[in-house]
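# Structural overview
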Amino acid sequence: MPPLLSFDAAIGYTTYSVFNGAPASGTEPIPLVIDPLIDGSTGYRSKATQAIQAQIEGIVKRDFPRYSLQRITSETLRKHARVLAGTFTSVNGQIKPAGDREAFWFCLVLLDLDSGKVVARSVARVPIRDADPTPTAIFRDSPAWTDDPSVQAYVANCQGSKVGDPISPAYLGGLLTAALINEAGDTYDAGRYADALDLYRTARKSPSGDQLRVYNGIYLALFKLGRAGPAADAFRDLVDFGLRKNRLAVKFLFRPGSVRFATDSEFSASYDVWLEQIAARAQETQACLQIIGHTGPTGPAAMNDSLSLLRAEYVQTRLEDERPQLKNRTVAAGMGSRETLIGNGRDDASDGLDRRVELKPINPCK
């Protein structure tokens, strides 16, 4: 069982363990880039992962002068660099990302691009209330989520590896694209939406650019720029990606305890467009859909089950209103809080994905 430490202590413990345990490499300074840390369940970056990275950078600059810390770009990745990556994931008492979360499992790995291997690794646990998991702006605003192979490859390098293992080929193949996506996300967070759009579109053209983070980013940048028509087309591409992956979670925000959509979100007015695009693509692809409502863990389980089903049925009705041809080709279900992705029970921006509606194609259609 990894040690349970305070937030700051866990950062120090894992960082010193990784860099003290990594093998030396010549006498010249070793280029080091940090592939921004993420939540291991969602792939999101958060205030917690940003704080972790800032503290790691301070420790490396102060205590490990043999490393030359550089920003992750396509140029620095070609300089025989080492890459630091890590996940910060809420887990239960059995170190599983399910049920009632008790702690964050913090995993840090050092990857050597020359040898293609994991050269150091350390893990620790942090009490669940010690860290702020609120997503950064680009992830907070992202309208949709699904399992993404690029994120799964990142997570596998940390959570499923040991020292000496080869770096995941899928992760290596996507590193240059990841550098672009990270720069685009930082640019969006800074409010430079036109620049972010250019970066996301460039990432989309790369061999590894078929990623949900890219589709979300293109949609959001267009939305922020007030380009309604192209934004609707971008959401359509996002829906197509989810249907191809057989899972698309959409962050429709509902009024507390209600089956009606909230109206106080910046994106509330776009829900009609989202529903229209989902219904259109389902009809055009002849898909049958299972519509699954989810809630956070707050409140009685039976009430959450009922509420999640009612919300799924509300979305089902709206989709069938958009495209009557979908009648008898959709089914609604409620999962309550049994499949939380965050599970911290805060009912705020940090666990918005727990209150989602998922769309899953039914194959074969019955």
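Scroll up to find the structure this text is about.
Numbers given for residues are sequential positions, taken from 1 along each chain in its written order. Where totals are concerned, whole chains, interfaces and linings use all residues; where local detail is concerned, this predicted model gives features only for residues with pLDDT of at least 70, and gives and counts side-chain atom pairs only at 80 or more. No hydrogens and no water enter the side-chain calculation; it runs on all heavy atoms of the structure.

## Observations concerning helix H2 (residues 47–63)
- Look at H2: 24 Å from first C-alpha to last across 17 residues, which is about the 24 Å you get at 1.5 Å a residue.
- In this scheme, a residue with accessible area under 20% of its type's maximum is buried, one over 50% is exposed, and one in between is partly exposed, where area comes from a 1.4 Å probe on protein chains only. Secondary structure elements follow DSSP: runs of H or I no shorter than four residues count as helices, runs of E no shorter than two count as strands, and numbering proceeds from the N terminus. Among all positions of H2, only Ala 48, Thr 49, Ile 52, Gln 53, Ile 56, Ile 59 and Val 60 are buried. Relative to the axis of H2, the buried residues are bounded by an arc of 130° and lie together on one face. Opposite the buried face of H2, by more than 90 degrees, sit the exposed residues Lys 61 and Arg 62.
- Note on contacts: a residue pair qualifies if any of its non-hydrogen atoms lie within 4.5 Å across the two residues. As for H2, its buried residues are in contact with helix H1 (7–21), strand S1 (30–34), strand S2 (67–70), strand S3 (82–91) and strand S4 (103–112).
- Two N or O atoms form a polar contact when they lie within 3.5 Å of each other; inside protein one atom must be a possible hydrogen donor and the other a possible acceptor, and for residues adjacent in sequence the pair counts only when both atoms belong to side chains. Its side-chain oxygen at 3.3 Å from the backbone nitrogen of Ala 48, Ser 46 defines the N-terminal cap of H2. Multiplying 1.5 Å by the residue count of a helix minus one yields the expected span of that helix. Arc definition: directions from the helix axis to the C-beta atoms.

## Remarks on the side chain of Asp 35
- The topology assignment puts Asp 35 in the loop between S1 and H2.
- Positive charge is attributed to Lys and Arg, negative charge to Asp and Glu, and no charge count is given to His or to the chain ends. A pair is scored as a salt bridge if a Lys or Arg side-chain nitrogen falls within 4 Å of a carboxyl oxygen belonging to Asp or Glu. Buried and unpaired, Asp 35 has Arg 213 as its nearest opposite-charge partner, separated by 6.2 Å.
- Here Asn 182 takes part through its side chain, which lies 3.2 Å from a polar atom of the side chain of Asp 35.
- Not counting the four nearest positions on each side in its chain, Asp 35 is found in contact with Ile 72, Val 83, Leu 84, Ala 85, Tyr 154, Tyr 171, Leu 175 and Asn 182.

## Details of the packing of helix H11 (residues 271–284) against helix H12 (residues 301–322)
- Axes here refer to lines fitted to C-alpha atoms; in helices the fit is confined to the stretch in contact. Angles between the N-to-C directions go from 0 to 180 degrees. Two elements in contact, H11 and H12, have axes whose closest approach is 9 Å; the angle formed by their N-to-C orientations is 70°. Comparing the axis directions of H11 and H12 gives the class roughly perpendicular. Between H11 and H12 lies a crossing whose hand is right-handed. Packed against H11, whose contacting residues are Asp 272, Leu 275, Glu 276, Ile 278 and Ala 279, the element H12 presents Val 315, Arg 318, Leu 319 and Glu 322 at the interface. Relative orientations are named as follows: roughly parallel for angles under 35 degrees, roughly antiparallel for angles over 145 degrees, roughly perpendicular for angles from 65 to 115 degrees, and oblique for any other angle. The crossing is said to be left-handed when, going from far helix to near helix, the turn is anticlockwise and less than a right angle, and right-handed when the turn is clockwise.

## A short note on the pattern of salt bridges
- Tallied over the full model, the rule gives 20 salt bridges.
- Of the charged contacts, one joins Arg 281 and Asp 240 as a salt bridge, the two residues approaching to 2.5 Å between their closest N and O atoms. Of this pair, Arg 281 sits in helix H11 while Asp 240 sits in helix H10 (residues 228–244), and the two are 41 residues apart along the sequence. Of the two residues, Arg 281 and Asp 240, neither departs from the other in class, the shared state being buried.

## Focus on the packing of helix H7 (residues 175–189) against helix H9 (residues 212–224)
- Viewed as axis vectors pointing N to C, H7 and H9 meet at an angle of 30°, and their least axial separation amounts to 11 Å. Considered as vectors, H7 and H9 are oriented roughly parallel to each other. Once H7 is placed against H9, the crossing between them reads as left-handed. Counted together, Ile 181, Asn 182 and Tyr 188 of H7 and Arg 213, Val 214, Leu 220, Ala 221 and Lys 224 of H9 form the full contact between these two elements.

## Quick word on the state of the cysteines
- A pair of cysteine sulfur atoms is labelled a disulfide when the two atoms are within 2.5 Å. Under the counting rule described, the total for this entry stands at 1 disulfide.
- Here Cys 107 engages in a disulfide with Cys 158; their sulfurs sit 2.2 Å apart. The chirality of the disulfide connecting Cys 107 with Cys 158 is left-handed, given an S-S dihedral of about -120°. In this pair, Cys 107 is assigned in strand S4 and Cys 158 in helix H5 (residues 149–159), connecting sequence segments 51 residues apart.
- Since its relative accessible area comes to 0%, Cys 107 is described here as buried.
- According to the relative accessible area criterion, Cys 158 is buried, its value standing at 0%.

## So, the pairing of S4
- Of all the 10 residues making up S4, 10 are buried; the element is thus mostly covered by neighbouring parts of the structure.
- Going residue by residue along S4, you find Ala 103, Trp 105, Cys 107, Val 109 and Leu 111 tucked away on one face and Phe 104, Phe 106, Leu 108, Leu 110 and Asp 112 tucked away on the opposite face as well.
- Here S3 pairs with S4 via 10 bridges, running antiparallel. Directly across from Ser 90, in S4, lies its bridge partner Phe 104.
- Think of it this way: DSSP has to see at least two bridges between two strands before they count as a pair. As defined by bridge partners, S4 adjoins strand S5 (residues 117–127) across 10 bridges and the pair is classed as antiparallel. Looking at S5, one finds that Ala 103 is bridged to Pro 127.
- Hairpin remark: S4 followed by S5, antiparallel, with 4 residues in the connecting loop; positive phi at Gly 116, about 70°.

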